[in-house]
Amino acid sequence: MPPTPAIELIGIDKRFGPVHANKDVNLTINQGSIHGIIGENGAGKSTLMSILFGFYTADKGEIRVKGQPLTIKSSSDAIAHGIGMVHQHFMLVDTFTVLENVVLGAEGGALIGPAMAKAREALTHLAHEYEMDVDPDAIVGELPVGLQQRVEILKALFKGAETLILDEPTGVLTPDEADHLFRILGQLKDQGKT
């Protein structure tokens, strides 16, 4: 038997008024693979990924994660099922440090001090493991775009992403930064991430 796909989108349809953004889209993505979705501006690529990440709800169709049908109504649902997303326009707080951005939304309640120490340790480990070294105390708004993208990827991995969606990831990178990103993605793939 073939392995269960990491992600299956079956018959996905999405309209915005008269605009039919996605029409009966089927997509199967195997675990530990890298896929690129290409098409013209307005073809529905970002809409489809936003459905998978819970920003939009499909008008019809089914999403399966590791063979299980799911209803993903929010980014929290997606994250809970191991799906992370790095948007074309980063979702970082410029005045926060790298560490503060990574833990934002996963702070751990009243015990923030010990939680931050554990988060720093986990972030340092992830950054080293995937060659995405970033100073956890650096102010995000002062970092170049390539490092900000690394922070977004680390944030998704910190929250447990097994499947990582990157929306136009090379659009803001220099050629050297793009090459480094491809090496990072290769390492993630080799470890079974999708």
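The structure we're discussing is the one just above.
Residues numbered from 1 in each chain as written. Predicted model: local features only at pLDDT ≥ 70, side-chain atom pairs only at ≥ 80, totals over all residues. Heavy atoms only, no water.

## Remarks on the nonpolar core
Burial of nonpolar side chains together is a common tendency in soluble globular proteins. Core analysis: the biggest nonpolar cluster contains 29 residues, and V98, M132, V151, I153, L154, L157 and L188 have the highest contact counts within it. The set of elements that each furnish at least two residues to this core consists of helix 3 (98-103), helix 4 (112-129), helix 5 (145-158) and helix 6 (175-190). Non-local contacts of L154, meaning those with residues more than four positions away in its chain, are made with L123, L126, A127, M132 and V134. If you look at the next biggest cluster of nonpolar residues, it comprises 20 residues, including L9, L52, L70 and I165. (Core = buried A, V, L, I, M, F, W, Y, C linked by side-chain atoms within 4.5 Å. Buried < 20%, exposed > 50% of the residue type's maximum accessible area, 1.4 Å probe, protein only. Helix = DSSP H or I, 4+ residues; strand = E, 2+ residues; numbered from the N terminus. Contact = heavy atoms within 4.5 Å.)

## A word on the pairing of strand 1 (residues 7-16)
Where burial is concerned, most of strand 1 is hidden: seven out of the 10 residues are buried. What sits between strand 1 and strand 2 (residues 19-29) in their antiparallel hairpin is a turn of two residues, with G17 showing a positive phi close to 60 degrees. Both strand 1 and strand 3 (residues 60-65) contribute to a ladder of five bridges, which runs antiparallel. Opposite I7, over in strand 3, you have V65 as the bridge partner. (Pairing = 2+ DSSP bridges.)

## Remarks on the environment of G171
Looking at the secondary structure, you find G171 in the loop between strand 6 (163-166) and helix 6. On the basis of relative accessibility, which here comes to 60%, the residue G171 falls in the exposed class. Along the backbone, G171 and A58 are 113 residues apart, and their C-alpha atoms lie at a distance of 27 Å.

## Re the pattern of salt bridges
Here the idea is simple: oppositely charged side chains can pair when their charged atoms come close. Summed over the entire model, instances satisfying the criterion amount to five salt bridges. Of the charged contacts in the structure, one is a salt bridge between K14 and D59, with a shortest N-O distance of 3.7 Å. In this pair, K14 is assigned in strand 1 and D59 in the loop between helix 1 (45-52) and strand 3, connecting sequence segments 45 residues apart. Since its relative accessible area comes to 11%, K14 is described here as buried. Put simply, K193 and E162 hold a salt bridge, and the shortest N to O gap is 3.1 Å. (Salt bridge = Lys/Arg side-chain N within 4 Å of Asp/Glu carboxyl O.)

## Observations concerning the environment of L157
Position of L157 relative to the elements: it lies in helix 5. The class of L157 is buried, set by a relative accessible area of 9%. With 72 residues separating them in the primary sequence, L157 and M85 have C-alpha atoms 9.9 Å apart. In contact with L157, not counting residues within four places along its chain, are L126, Y130, M132, L188 and K193.

## Quick look at a nonpolar patch on the surface
A contiguous nonpolar patch, built from F16, V19, F55, Y56 and M91 and spanning about 450 Å² of accessible area, is present on the exposed surface. Among the structural elements, Y56 can be located in the loop between helix 1 and strand 3. (Patch = residues over 30% accessible without salt bridge, like charges linked within 9 Å, V, L, I, M, F, W, Y side chains within 5 Å. Areas by Shrake-Rupley, 256 points an atom, 1.4 Å probe, with all protein chains shown as cover.)

## A word on the pairing of strand 2
Inspection of the sheet shows strand 1 paired to strand 2 by seven bridges, in the antiparallel sense. Within strand 2, the residue paired with I12 across the bridge is V25.

## A word on the sheet that holds strand 3
Taking strand neighbours across the sheet as the criterion, the four strands line up as 2-1-3-4 in an open arrangement whose pairing is antiparallel. What marks the edges here is a single partner per strand, and that holds for strand 2 and strand 4 (68-70). In this sheet, adjacent strand axes meet at a mean angle of 30 degrees when their direction is disregarded. Along the sheet, helix 1 contacts strand 1, strand 2 and strand 3; its crossing angle with strand 1, the most-contacted strand, is approximately 115 degrees. (Axes fitted to C-alpha atoms, helices over the stretch in contact; angles between N-to-C directions.)

## A look at the side chain of K155
Along the chain, K155 turns up in helix 5. For K155, a relative accessible area of 14% translates into the label buried.

## Here's the deal with unusual backbone geometry
Backbone geometry places D24, a non-glycine residue, at a positive phi of 50 degrees. Looking at the element boundaries, D24 is found in strand 2. With a relative accessible area of 49%, D24 lands in the partly exposed category. For E168, which is not a glycine, the phi torsion comes out positive at approximately 45 degrees. Looking at the secondary structure, you find E168 in the loop between strand 6 and helix 6.

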